[in-house]
Amino acid sequence: MAEKILIVDDDVDSLKLIGLMLQRHGYTVVAANSGKQALAKADAERPDLIILDWMMPDLSGIDVLKQLKGSANTKDIPTIMFTAKTLIDDKVVAFEGGADDYLTKPTHPAELASRVRAILARSEAQQRTKKANRGLAIGVLGSKGGVGTTTLTINLAAALLNDEQSQPVLADFRQGVGTMGLLLGFGRSQGMHKVLQMPASEINADMVEGHLIQHQTGLRALVSSARPLEAQQNFEIDSAIATISVLRELGRPAFFDLGYGYDQVTARLQKEMDKLIVIVEPNSATLTMARELIHEISSVGGAGRINLVVMNRSQSSLQTPWQQVEDVVGLDIKAIIAAAPELAFQATENSMPMTLLQPTAVVSSQIVKLAEEVKTRIKSLTG
Ligand SMILES: Nc1ncnc2c1ncn2[C@@H]1O[C@H](COP(=O)(O)OP(=O)(O)OP(=O)(O)O)[C@@H](O)[C@H]1O
Ligand SMILES: [Mg+2]
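Residues numbered from 1 in each chain as written. Chains lettered and ligands numbered in written order. Predicted model: local features only at pLDDT ≥ 70, side-chain atom pairs only at ≥ 80, totals over all residues.

1. Section: the overall build of the chain
Thinking step 1. A tally of regular secondary structure across the chain gives 16 helices and 13 strands.
Thinking step 2. Relative to the compact-globule value of 21 Å for 383 residues, the chain shows a C-alpha radius of gyration of 24 Å, a close match.
Thinking step 3. Overall, the chain is about 75 × 45 × 40 Å in size when its C-alpha atoms are taken along their principal axes. (Helix = DSSP H or I, 4+ residues; strand = E, 2+ residues; numbered from the N terminus. Rg over C-alpha atoms; globule rule 2.2 N^0.38 Å.)

Here it is, written out as C-alpha cells:
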C-alpha cells in the first residue's frame, strides 16, 4: 500500500508543487493549508509522514508539531519541518519540539524526495521493532448486544491461565454496564472508570496495576462497574488509548471487552487491537448487523485482523447453517461455540469462568482451542 503523506503549507502553489512531486514518486498525498486543518487531518487520516511549513497565519508549524507530539493518536507520526527559516536556533527549537528532520526552502525536489524516503524507511523499521516487543491486544466485539461477548472474553483469558508463556489480563470498556466485574464477582469495582478519568500522560503501569481486581483463579481485570451513572462519565480517547498500551505491557495477552456496536469510541479503539474477534449468532438479524459492522471495520483497513466466531446460545435446530453465515458475512468462521445454557448460568452464579468450572465440557474445549491460536501468535511474537 502506498504510504500516505500529509503536506501542510499556507501557500497553495507550494502545496501543489510538492504534492505533484510526491505523487509522481508513488505516495498518496493529503494536503492542509492551515495549522488547524493540519491537526484535524493528521488525526483523521493518520498519515505515515507529515511535511510541515513553519510560518502560517493561524497556528504556526511549531505549535502544530507540539500538539501532534502531545497526542497519543499522532505522536508517532514522523515529521519534517519544511521552512524558509534558516537560523540554527530555529532548527534547535524544531528538533526539541520533536521534528525528525529539518529542510530549508527552497529545496531541490530530489533532496526532498530522498529525505522522505529515508524518514519513511527509518520509521517503518522502528514501528516493526516496537510491534515485535509489545504484548498482544485482543478485542472482542459483539455484532449485537447479548451475544456472549463478555462471556467469551473472560473465558479466552481463563483458558490461558495455565500456559507458562501467558499472563492474561482482562479489561472492560463498558462503563456503567460492567458485566465483566459482575461475572467475576466484583460488581462494584470501578477500576476502569478511575483510570479513564486521568489524563493520558498520568496513566502508567503502577497506576493501572493498583486498579486491577484479582480473581481467585489469578485472573486480573480492569473492570467497569454496573452503576448506571458511570455510563454518563466522559473520558478522553487518549486516556483509553494509553490504558490499552499499558495493559498490553501488563498482560500477555490483554483481552478487551469492546461491547457491541460501533460508536466513535469503539471505532477508534478497535484500531489499537492486533486481533478483533467479532461474535455473531446464527440468525438473520444478527448476521445482517455483523455484515454492516465488518464492512465499517474493513473500510478503515481492519479486515485482516477480524476473526469471526459464531456463538450459539440456544440449541434450536432452526439456526442458520454455517455455510450461509460465511456467505452473508463474507468471512470464514474461525470458531463455533456450542450452546451451554446451564453451564453459562452456573458459571455466572459461581463467579467462575465456564472453562475452569467444567474444563471437559464441549464449549470449554472449543474456547480453549480458540485460545490456543492466540497462544501460537504470542509464541511467534516472542520468538
Ligand atoms: N455458550 C453459551 N450458551 C448459552 N448461554 C450462554 C453462552 N455464552 C453466554 N451465555 C449467556 O448469555 C447471556 C449473555 O452473555 P454475555 O453477558 O456474555 O453477553 P454480552 O454480549 O456480553 O451481553 P451485553 O451486550 O449485555 O454486554 C448470559 O446470560 C450468559 O450466561
Ligand atoms: Mg457484555
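2. A short note on the pairing of strand S3 (residues 49–52)
Thinking step 1. On S3, burial covers both faces: Leu49 and Ile51 on one face and Ile50 and Leu52 on the other are all buried.
Thinking step 2. Judged from the four bridges that link them, strand S1 (residues 4–8) and S3 form a sheet pairing that is parallel. Paired with valine 8 across the bridge in S3 is leucine 52.
Thinking step 3. Of the pairings in the sheet, the one linking S3 to strand S4 (residues 79–83) comprises three bridges and is parallel in character. When the sheet's bridge partners are listed, isoleucine 51 is paired in S4 with isoleucine 80. (Buried ≥ 20, exposed ≤ 12 C-beta atoms within 10 Å, placed from the backbone. Pairing = 2+ DSSP bridges.)

3. Comments concerning unusual backbone geometry
Keep in mind that most residues, glycine aside, have a negative phi and that most peptide bonds are trans.
Thinking step 1. Of note, the amide linkage connecting lysine 105 to proline 106 takes the cis form, showing an omega dihedral of -5 degrees.
Thinking step 2. Structurally, the position occupied by proline 106 is in the loop between strand S5 (101–104) and helix H5 (109–133).
Thinking step 3. For the peptide bond that leads from arginine 252 to proline 253, omega is -5 degrees, which places it in the cis range.
Thinking step 4. Mapped onto the fold, proline 253 is located in the loop between helix H10 (237–250) and strand S10 (254–260).
Thinking step 5. Its identity is not glycine, yet arginine 46 carries a phi of approximately 40 degrees, on the positive side.
Thinking step 6. Structurally, arginine 46 is set in the loop between helix H2 (35–45) and S3.
Thinking step 7. Even without glycine at this site, serine 351 takes up a positive phi of about 50 degrees.
Thinking step 8. Position of serine 351 among the secondary structure elements: in the loop between helix H14 (341–349) and helix H15 (354–357).
Thinking step 9. The exposure class assigned to serine 351 is partly exposed, which follows from the 17 C-beta atoms found within 10 Å.

4. Comments concerning the sheet that holds S5
Sheet strands line up and pair through hydrogen bonds in the backbone, either parallel or antiparallel.
Thinking step 1. Taking strand neighbours across the sheet as the criterion, the five strands line up as S2-S1-S3-S4-S5 in an open arrangement whose pairing is parallel. Looking at the sheet topology across the chains shown, the edges are occupied by strand S2 (28–32) and S5. The sheet shows a mean angle of 20 degrees between the axes of neighbouring strands, direction not considered.
Thinking step 2. The sheet strands contacting helix H3 (residues 61–70) are S1, S3 and S4, and the helix crosses S4 at an angle near 175 degrees. (Axes fitted to C-alpha atoms, helices over the stretch in contact; angles between N-to-C directions. Contact = placed C-beta atoms within 7 Å.)

5. Looking at the domain arrangement of the chain
Thinking step 1. The domain architecture assigned to the chain consists of domain 1 (4–131) and domain 2 (134–382).
Thinking step 2. For domain 1 versus domain 2, the separation of C-alpha centres amounts to 37 Å.
Thinking step 3. Taken together, the contact pairs five residues of domain 1 with five residues of domain 2.
Thinking step 4. In terms of residue class, the side of domain 1 that touches domain 2 is made up of one nonpolar, two polar and two charged. (Domains from an automatic or database assignment. Nonpolar A, V, L, I, M, F, W, Y, C, P; charged D, E, K, R; others polar.)

6. Observations concerning the sheet that holds strand S7 (residues 169–172)
Thinking step 1. Overall, mixed pairing links the eight strands, which are arranged S8-S9-S7-S10-S6-S11-S12-S13 in an open sheet. Of all strands in the sheet, those bounded by a partner on one side alone are strand S8 (213–214) and strand S13 (333–337).
Thinking step 2. Bridge count between S7 and strand S9 (residues 220–222): three bridges; the pairing is parallel. By the bridge assignment for S9, valine 169 is matched with arginine 220.
Thinking step 3. Lying on the sheet, helix H12 (residues 284–299) is in contact with strand S11 (275–280) and strand S12 (306–311); it crosses S11 at an angle near 160 degrees.

7. As for the site of ligand 1
Thinking step 1. Residues in close proximity to ligand 1 total 20 residues, the closest being Gly145, Thr149, Thr150, Thr151 and Ala344.
Thinking step 2. For the shell around ligand 1, the elements supplying multiple residues, two or more each, are helix H6 (149–159), S10 and H14.
Thinking step 3. Split by residue class, the shell around ligand 1 holds nine nonpolar, 10 polar and one charged. (Near = placed C-beta within 6 Å.)

8. Re the nonpolar core
Thinking step 1. Ala171, Ala221, Phe256, Val278 and Val280 are the most contacted members of the largest nonpolar core, which has 72 residues in total.
Thinking step 2. Sequence-distant contacts of valine 278, that is, excluding residues within four places in its chain, are made with Leu141, Ser143, Ala290, Leu293, Ile294, Ile306 and Leu308.
Thinking step 3. Core analysis: the second largest hydrophobic core is formed by 28 residues, Leu52, Ile62, Leu65 and Tyr102 among them. (Core = buried A, V, L, I, M, F, W, Y, C linked by C-beta atoms within 7 Å.)

9. A few points about H6
Note that an α-helix has 3.6 residues per turn; residues three or four places apart therefore point the same way.
Thinking step 1. When you tally the buried positions in H6, you get 11 out of 11 residues, the bulk of the element.
Thinking step 2. Taken as a whole, H6 has its buried residues at Thr149, Thr150, Thr151, Leu152, Thr153, Ile154, Asn155, Leu156, Ala157, Ala158 and Ala159.

10. Section: the packing of H12 against helix H13 (residues 322–329)
Thinking step 1. Where H12 contacts H13, the axes come no closer than 9 Å and their chain directions differ by 40 degrees. The pairing of H12 with H13 is recorded here as oblique in orientation. Considering how the two elements wind past one another, H12 and H13 form a crossing that is right-handed. Mapping the contact onto sequence places Leu287, Ala290, Arg291 and Ile294 in H12 and Val325, Val328 and Val329 in H13.
Thinking step 2. Split into classes, the residues belonging to the contact of H12 with H13 amount to six nonpolar, no polar and one charged. (Parallel < 35°, antiparallel > 145°, perpendicular 65-115°, else oblique. Left-handed = near helix turned anticlockwise from the far one by under 90°.)

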